[in-house]
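Structural description and commentary
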Amino acid sequence: MTQDLIERALTGDESAARELYDLHYPAVLRLAYVFLQNLQDAEDATQEAFIYAFRHLARYDPERAAFATWLKIIATSRCRDLQRRRRFKWLSLQELAEVGREPEDEISDHQPDVVLELVGVQQVVWEALKQVPRKSRQALILRYFGDLSYPEMAQALGCSVSTAKSRVSYGHRALARLLGSEECTSLGYRMGDVP
Amino acid sequence: MSKHLSDHQLLACLEDTFSLQRRERTDAHLRTCPACRGRLERLARTAADLTATLHAVGEQVPLAPARSWEAVARRRERQHPLLLVPPFRPLLRQIATLAILVFLVVGLAGLVHTLATTGLAPTAVTLTPHATLPTSPSSAPGPLPHPDRLAAPISLLLLGTDGESDTSDETDTLVVLYLDAKAGRAFLLSIPRDLYVEVSGHGQARAGSVYGIGERDETTNGLALAKETLSATLGLPVQHAVLVRFDGFVALVDAIGGVDVEVPHTIQDPNFPDGSGGYDPLFIPAGQQHFDGALALRYARTRVVPAPGFDRTFRQQQLILAAHERVTRLDLLPDLIAQAPTLWSLIRDDLETDISLSEVIDLALLAIGLTGDGIMSATLDECCIIQHVTPAGERVLLPQPDEVEVLLQNLLGEER
């Protein structure tokens, strides 16, 4: 069905494009939100991803990946762009102030704009995940939420397959360390018996 | 009992990605080792908790498909070439980015030219006015046209990589571009990739590998580490960095209608990879040739070396120089700016930078106004390095801090 929609969208059928969008928008937005932890940013990245996907629709090869996966790879790349820009903006504020000019873009305060209601273990795990170093966190998210294979992750993260594996492994270690800390165990997270 | 399983092995057990043989071996270990069994169980539990948590978070993200689609549809329309009148800011961004790229090409080409004209073994630092750029008769460097906003001098590190698959972390071109608009001073300083530099937190390493080290380091990234390292080595603050993969340059080749290259020796490569595991033989006869982007890419990438010195680095530099010549000779910049939106979509994946929008615009304005008069170019060569072989047998170049300082003072016009 997706393939049929893609072919129709390629011929300029706007309603097919809209259907494709409706079908895949939730998964892409959710992935982007988990990545960026900010709804506005996640919407931006999602829109960027779809615009890119529609523009390069002819390049999509169903033999290589599911359409949903292809979209997730593109969305990841947009999220990383956004994070990169954000990181840089934080650094450059000082410089901008020094030469006395206004920043060109409103800088979002990057506070979470969705109130999440998580309970018990999930609350603890979510807070711990936020503290995992960025690259490993991205890998964990793609692995356990994006359902991407390692070669697909490598493509999405712009690294080699073995690096993608290392990042997941490193992420697990970081997460285990965080979850094993007193703070997390006191909140009810059990790591099991330590040998 | 055999050795405990590594974290990697445990993860592979969990995901069942082992070959049967290794699987049997790890299973055997797990049967006899309660410690590793416990670790595997914890790993499985964390993975399950993580999956459940992420899905719970995902479920709570408020969806607004209709509003979101409107935004996408609106922007898709704007992208349509026939509807024209793109929004002002994105266009400006594209033009500016393109100007930067053209500037990079021009700068790198100038550098290559300087290297070529001073021979392969320069004996002293070359502080030559730029020969390949259009020069006015008066030789005195006048102040550069500068936007008022660019008050302070700025240094930019240009990194070039051939961008091949997984091993592309190595940067084979490193150039520091320094612009001081107020003083009307600009220079290009080429850094040998074998320069042995002190990398914060990583001991000593070759300059060409610093970007890759940063990419693999969890706490930083390639551009940041490269900037930090070269700032310390040169004693010159490097604020920004740009990484261009060679593929991005090749996309530009098509945009300027190909390049003319004098091929010194016939190239015959029966083993040129076709990208899907097979071969796609390459044959390029010696003589004057016109290349499109695809052929240029293969010219740059083939690993055959038909004659000493006629290697990949040489050919890549040849292409940069050819592109620079074409852009300046045919005055293609206005055309390129008209094509900016298309070009931008072509090269955006082959470019990595930490320059913000406003700074790109400043730099682009400067770059457009630059002529060769004010630009000096130099290489960190025998004037300020000594050859050295590391205990590991690596041939490297050791910078001599005092000599580097003198070179920088010369370039900055701060003679003692």
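In short, a report on the structure. (Residues numbered from 1 in each chain as written. Chains lettered and ligands numbered in written order. Predicted model: local features only at pLDDT ≥ 70, side-chain atom pairs only at ≥ 80, totals over all residues.)

1. Digging into the overall build of chain A
This is how it is decided: Starting at the N terminus, helices and strands are each numbered in turn, a helix being any DSSP run of H or I of at least four residues and a strand any DSSP run of E of at least two. Partly exposed residues are those whose C-beta has more than 12 but fewer than 20 other C-beta atoms within 10 Å; with 20 or more the residue is buried, with 12 or fewer it is exposed, and the C-beta atoms are placed from the backbone. Residue pairs are scored as contacts if the distance between their C-beta atoms, which are placed from the backbone, is within 7 Å.
In terms of helices and strands, chain A carries nine helices and zero strands. Counting helices and strands in the order they occur from the N terminus, chain A gives α-α-α-α-α-α-α-α-α. Across the 195 residues that make up chain A, the buried fraction comes to 37%. For chain A, the proportion of contacts with a sequence separation of at least 24, taken over those separated by at least 6, is 62%.

2. A closer look at the overall build of chain B
The number of helices and strands found in chain B is 14 helices and 15 strands. Taking all 416 residues of chain B together, 39% fall into the buried category.

3. Focus on the interface of chain B and chain A
This is how the line gets drawn: Charged means Asp, Glu, Lys or Arg here, nonpolar means Ala, Val, Leu, Ile, Met, Phe, Trp, Tyr, Cys or Pro, and polar covers whatever is left, Gly included.
The interface of chain B with chain A comprises 42 residues on the first partner and 51 residues on the second. The set of elements that each furnish at least two residues to the side of chain B that touches chain A consists of α1 (7-15), α3 (34-59), α4 (65-79) and α13 (357-369) of chain B. The element best represented in the side of chain B that touches chain A is α3(B), accounting for 19 residues. Class assignment for the residues of the side of chain B that touches chain A results in 19 nonpolar, twelve polar and eleven charged.

4. A look at the pairing of strand β7 (residues 240-245) of chain B
Residues in a regular strand point their side chains to alternate faces of the sheet. All names here are of chain B. This is how it is decided: Any two strands between which DSSP finds at least two bridges are classified as paired.
Within β7, six of the six residues are buried, leaving the element largely enclosed by the surrounding structure. Going residue by residue along β7, you find H240, V242 and V244 tucked away on one face and A241, L243 and R245 tucked away on the opposite face as well. Relative to β7, strand β2 (residues 154-161) runs parallel, the two being bridged by six bridges. Considered in β7, the bridge of L157 is made with A241. Taken together, the three bridges between β7 and strand β12 (residues 351-353) define a ladder with antiparallel strand orientation. Each bridged residue has a counterpart across the sheet, and for V244 the counterpart in β12 is L351.

5. Observations concerning the environment of A:P151
Structurally, the position occupied by A:P151 is in helix α7 (residues 150-157). Along the primary structure A:P151 and A:V161 are separated by ten residues, whereas in three dimensions their C-alpha atoms are 5.5 Å apart.

6. Describing helix α3 (residues 39-55) of chain A
To keep it simple, the criterion reads: How far a helix is expected to stretch is found by multiplying one less than its residue total by 1.5 Å.
For α3(A), which comprises 17 residues, the first-to-last C-alpha distance of 24 Å matches the rise-based estimate of 24 Å (1.5 Å per residue) to within 8%. Turning to α3(A), its buried residues number three or more, namely A:D41, A:A42, A:E43, A:A45, A:T46, A:Q47, A:E48, A:A49, A:F50 and A:A53.

7. Observations regarding helix α2 (residues 20-32) of chain B
Helix length check: α2(B) (13 residues) gives 19 Å between terminal C-alpha atoms against 18 Å at 1.5 Å per residue, within 8%. Of all 13 residues making up α2(B), only zero are buried, and the element is barely covered by its neighbours.

8. Brief notes about the environment of B:I154
All names here are of chain B. With respect to the element layout, I154 can be found in strand β2. Expressed as a C-alpha distance, the spacing of I154 and L179, which sit 25 residues apart in the sequence, is 5.3 Å. Not counting the four nearest positions on each side in its chain, I154 is found in contact with L179 and Q239.

9. Re the packing of helix α5 (residues 120-131) of chain A against helix α8 (residues 161-180) of chain A
Residues and elements named next belong to chain A. Selection criterion: Under this scheme, a helix contributes an axis fitted over its contacting stretch, all axes are lines through C-alpha atoms, and angles between N-to-C directions fall in the 0 to 180 degree range. Angular relationships are summarised with four words: roughly parallel below 35 degrees, roughly antiparallel beyond 145, roughly perpendicular across 65 to 115, and oblique for the angles in between. The handedness criterion is simple: a crossing whose near helix is rotated anticlockwise from the far helix by less than a right angle is left-handed, and one whose near helix is rotated clockwise is right-handed.
The contact between α5 and α8 brings their axes to 9 Å, and the two run at 125°. When the axes of α5 and α8 are compared, the pair comes out oblique. Remark: the crossing between α5 and α8 carries right-handed chirality. Across the interface between the two elements, V124, A128, L129 and Q131 of α5 pack against L175, L178 and L179 of α8. Classifying every residue of the contact of α5 with α8 by side-chain character gives six nonpolar, one polar and no charged.

10. What to know about the nonpolar core
What counts, and what does not: Nonpolar cores are built from buried Ala, Val, Leu, Ile, Met, Phe, Trp, Tyr and Cys residues. These are joined into a set through C-beta atoms within 7 Å.
Grouped together as the largest cluster of nonpolar side chains are 57 residues, with contacts concentrated most on A:A32 and A:A75. With twelve residues, helix α2 (residues 14-36) of chain A is the largest single contributor of residues to this core. Ignoring any residue separated from it by four or fewer positions in sequence, one finds A:A32 in contact with A:A42, A:A45, A:T46, A:A75 and A:C79. Counting 43 residues, the second-largest nonpolar core is a separate cluster that includes B:L159, B:I191, B:Y196 and B:V242.

11. Observations regarding the packing of α8(A) against α3(B)
At their nearest, the axes of α8(A) and α3(B) sit 11 Å apart, and the two run at 90° to each other. As far as their axial angle goes, α3(B) and α8(A) are roughly perpendicular. Facing α8(A), whose interface residues are A:H172, A:L175, A:A176 and A:L179, α3(B) presents B:R42, B:L43 and B:T46. Considering only residue class, the contact of α8(A) with α3(B) consists of four nonpolar, two polar and one charged.

Any link to function would need more than the numbers given here.
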